[in-house]
Amino acid sequence: MKLNFTGHTDPGLIRSNNQDDYYIDPEGRFFIVADGMGGHAGGEEASRIATREIKAYLTSNWDVSKPSPELLEQALWQANEAILQDQQNHPERADMGTTAVVVIFRNQEQWCAHVGDSRLYRLRETQLEQVTEDHTWVARAIKIGDITAEEARVHPFRHVLSRCLGREDLHQVDVQPLDTKIGDRLLLCSDGLTEELPDQKIAHNLQINSLLDQSALSLVEDAKDQGGHDNITVVIIALE
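Everything numeric in this text was worked out from a predicted model, so none of it was measured. (Residues numbered from 1 in each chain as written. Predicted model: local features only at pLDDT ≥ 70, side-chain atom pairs only at ≥ 80, totals over all residues. Heavy atoms only, no water.)

**Remarks on the sheet that holds strand β5 (residues 109-115)**
(1) Moving on: On the basis of which strands lie adjacent, the open sheet formed by 5 strands has the order β2-β3-β4-β5-β8 and antiparallel pairing. A single partner strand is all that each edge strand has here, and the edge strands are β2 (20-24) and β8 (174-177). Within this sheet the neighbouring strands show an average axis-to-axis angle of 10°, counted without direction.
(2) Moving on: With 4 bridges joining them, β5 and β8 adopt antiparallel strand pairing. The residue of β8 that forms the bridge with C112 is Q176.
(3) Moving on: Helix α2 (residues 68-89) rests against β4 (97-106), β5 and β8 of the sheet, and its axis sits at about 25° to β5. (Pairing = 2+ DSSP bridges. Helix = DSSP H or I, 4+ residues; strand = E, 2+ residues; numbered from the N terminus. Axes fitted to C-alpha atoms, helices over the stretch in contact; angles between N-to-C directions. Contact = heavy atoms within 4.5 Å.)

Now the structure itself:
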């Protein structure tokens, strides 16, 4: 299996700074998207710390005998601890935190870990599936039937996270195996994309653009055309 991949990030049309961050391993071993929060400097710092720490942990432990789910989980715990340490060192950033979604290709397996509402999608033929489950108030409300998915898109609490990196009370990181096959496309993205574009629009874009760079750029531009209210980050992986 051969992987092609690309990524793109944009501050959007409203915010002056970009609190998103992403990393693509040049060898295609792992992919990271993080969306920071907590003031002008705090959000930027939190997402950068998360990306840096996850990358460092995965790189240094890649060849150890540890199972991939454990490797992923430990990488995110290390990122959480690093953000907590930075908060102690810089009280002005005490409220900062970040989401994170990570995909790894290791030992003929694919795994995903995430915290928060940055998402992983899989496009298979014409079907787009959201693989990750948002750690938000509205996602839980949808699950128990209190609100509909349509209501969630405009709900005033839609940005309230139930989990993020940078919290002492973070007790769980979601790790799951991925079902992939040749021809699939994977999309990691921050909520700056999904806030603006419905799934149908995302799926259409991934289908019609054969060039990954063009697809990534087009997704970002489409989100900006719809208002671009937040930072927008996309990473696309094609399994060929």
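Next, the rest of the story.
**Quick word on the side chain of N18**
(1) Moving on: Mapped onto the secondary structure, N18 falls in the loop between β1 (3-10) and β2.
(2) Moving on: Overall, the relative accessible area of 15% leaves N18 in the buried class.
(3) Moving on: At a separation of 3.0 Å, a polar atom in the side chain of N18 contacts the side chain of T9. (Buried < 20%, exposed > 50% of the residue type's maximum accessible area, 1.4 Å probe, protein only. Polar contact = N/O pair within 3.5 Å; in protein donor to acceptor, adjacent residues only side chain to side chain.)

**Some details on helix α7 (residues 212-225)**
(1) Moving on: Over its 14 residues, α7 extends 20 Å from the first C-alpha to the last, a length consistent with the 20 Å expected when each residue adds 1.5 Å.
(2) Moving on: Among the structural elements, β1, β9 (185-189), α5 (191-194), α6 (199-208) and β10 (232-239) are those in contact with the buried residues of α7.
(3) Moving on: Note on α7: the residue one or two positions beyond its end, G227, has a positive phi of about 135°. (Expected span 1.5 Å × (residues − 1).)

**Quick word on the nonpolar core**
(1) Moving on: The biggest cluster of nonpolar side chains holds 28 residues, and the ones touching the most others in it are F30, I54, L58, L76, V102, I104 and L165.
(2) Moving on: At the level of secondary structure, the elements contributing two or more residues to this core comprise β3 (30-37), α1 (40-61), α2, β4 and β5.
(3) Moving on: In this view, L76 contacts I54, V102, A113, H114, V115, L165 and V173; residues no more than four positions away in its chain are not counted.
(4) Moving on: In this structure, A216, L219, V220 and V234 belong to the second largest nonpolar core, which totals 19 residues. (Core = buried A, V, L, I, M, F, W, Y, C linked by side-chain atoms within 4.5 Å.)

**Considering unusual backbone geometry**
Across the chain, the bulk of peptide bonds are trans and the bulk of non-glycine residues have phi less than zero.
(1) Moving on: In this model, N107 sits at a positive phi of 55°, which is unusual for a non-glycine residue.
(2) Moving on: As for its placement among the helices and strands, N107 is situated in the loop between β4 and β5.
(3) Moving on: Positive phi, close to 65°, is recorded for Q108, a residue that is not glycine.
(4) Moving on: Structurally, the position occupied by Q108 is in the loop between β4 and β5.

**A few points about the pattern of salt bridges**
(1) Moving on: One pass over the structure, following the stated rule, counts 15 salt bridges.
(2) Moving on: When the shortest N-O distance is used, the salt bridge between K224 and D10 registers 3.2 Å. Of this pair, K224 sits in helix α7 while D10 sits in strand β1; the two residues are 214 residues apart in sequence, bridging distant segments of the chain. Per residue, the accessibility class of K224 equals that of D10, and both read buried.
(3) Moving on: A salt bridge links D134 to R119, with the nearest nitrogen and oxygen atoms 2.7 Å apart. (Salt bridge = Lys/Arg side-chain N within 4 Å of Asp/Glu carboxyl O.)

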